[in-house]
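Spelled out, the chains give:
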Amino acid sequence: MKKVVGYCRVSSAEQASEGLSLQMQQDKVRQYAILHDLELVDVIVDAGVSAKNISGRPGLTKALDMVLNGNVDGLVAWKLDRVFRSLLDATQTLEQFKRSNKRLVLISEMIDTGSAMGEFVYNLFASLAQLERRLTGERTKSVLESKKSRKEHVGKPKYGYTPEGKFLTCNAEQQIVIQKVRDMSKSMSCRAIARSLNEQGIMTKQAKSWTHVQISAILS
């Protein structure tokens, strides 16, 4: 492996996280290339991208194309979870790399898929990452269901309600507006109701003008 392309990614929530910063990842990729006497053709970045699949990451798509089209011999990244979030994407990409005699290097996990052991560890890490994501999803779902069973507040409160600790309480002023909307709906369309409220200076919870979609949500 002589020519490689580097790939780095952070999601929007991680932009300020020093441990996963783009600059840190780029530095690690460049250092690896120098240490192993590799020609680093480019370092491609997906900044603020948290898409679960390859199709949602233009930078990764470009980097993989460079490898599979024969422009470089392999791809170097800091960690597996910077490259793939889907086990299917991880395994399919590895098969494509093997058929093209290409290699994927993950610096943090010390994985190089050019060897049998590297391929084994890569598949193991990809499976473990998938398992952790699924377990996290199951735990989150369980917590939400538990909160709902106790009638605790989950997510953004609907118009007419105000969060008070873990629960919701009726907002008297907004409840009056809701009743007004219901009364008006007997003879007016949602668009007409929204227009009427706006003309009266009655704003939404976010202090914005009403739309027919929001009126429809209240009536449903």
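Definitions and cut-offs
- Residues numbered from 1 in each chain as written.
- Predicted model: local features only at pLDDT ≥ 70, side-chain atom pairs only at ≥ 80, totals over all residues.
- Heavy atoms only, no water.
- Helix = DSSP H or I, 4+ residues; strand = E, 2+ residues; numbered from the N terminus.
- Expected span 1.5 Å × (residues − 1).
- Axes fitted to C-alpha atoms, helices over the stretch in contact; angles between N-to-C directions.
- Parallel < 35°, antiparallel > 145°, perpendicular 65-115°, else oblique.
- Contact = heavy atoms within 4.5 Å.
- Nonpolar A, V, L, I, M, F, W, Y, C, P; charged D, E, K, R; others polar.
- Core = buried A, V, L, I, M, F, W, Y, C linked by side-chain atoms within 4.5 Å.
- Buried < 20%, exposed > 50% of the residue type's maximum accessible area, 1.4 Å probe, protein only.
- Phe/Tyr/Trp six-rings, centres within 6.5 Å; stacked < 30°, edge-to-face > 60°.

Quick look at helix α4 (residues 87-99) now. For α4, with 13 residues, the first-to-last C-alpha span of 19 Å sits near the 18 Å given by 1.5 Å per residue. Count one or two residues on from α4 and you reach Asn101, which has phi positive near 60°.

It is worth spelling out the packing of helix α6 (residues 172-184) against helix α8 (residues 212-219) at this point. Their axes nearest at 10 Å, the elements α6 and α8 cross at an angle of 95°. Taken together, the axis directions place α6 and α8 in an arrangement best described as roughly perpendicular. From α6, Ile178, Val181 and Arg182 reach across to α8, where they touch Ile215, Ile218 and Leu219. Looking at the contact of α6 with α8 residue by residue, the class counts come to 5 nonpolar, no polar and 1 charged.

The biggest cluster of nonpolar side chains holds 24 residues, and the ones touching the most others in it are Val5, Leu75, Val83, Phe84, Leu104, Leu106 and Tyr122. Those elements giving two or more residues to this core turn out to be β1 (3-10), α2 (58-68), β3 (74-77), α3 (80-83), α4, β4 (103-106) and α5 (116-149). In terms of residue count, the dominant contributor to this core is α2 (5 residues). For Leu104, the residues in contact, after removing those within four places along its chain, are Leu75, Phe84, Phe97, Ile111, Asp112, Thr113 and Tyr122. Counting residues in hydrophobic clusters, the runner-up holds 14 residues, among them Leu22, Tyr32, Leu38 and Val43.

Taken as a whole, this structure holds 1 aromatic pair when the rule is applied. Each ring, one from Tyr159 and one from Trp210, has its centre 5.0 Å from the other, and the planes form 80°; the classification is edge-to-face. Of this pair, Tyr159 sits in the loop between α5 and β6 (161-164) while Trp210 sits in the loop between α7 (190-199) and α8, and the two are 51 residues apart along the sequence. Across the pair, exposure class does not vary: Tyr159 and Trp210 are buried alike.

Moving on, we get to the side chain of Arg9. Along the chain, Arg9 falls in strand β1. Accessibility expressed as a relative area gives 3% for Arg9, which makes it buried. For Arg9, the residues in contact, after removing those within four places along its chain, are Leu22, Gln25, Asp46, Val49, Ser50, Arg57, Asp81, Arg82 and Arg85.

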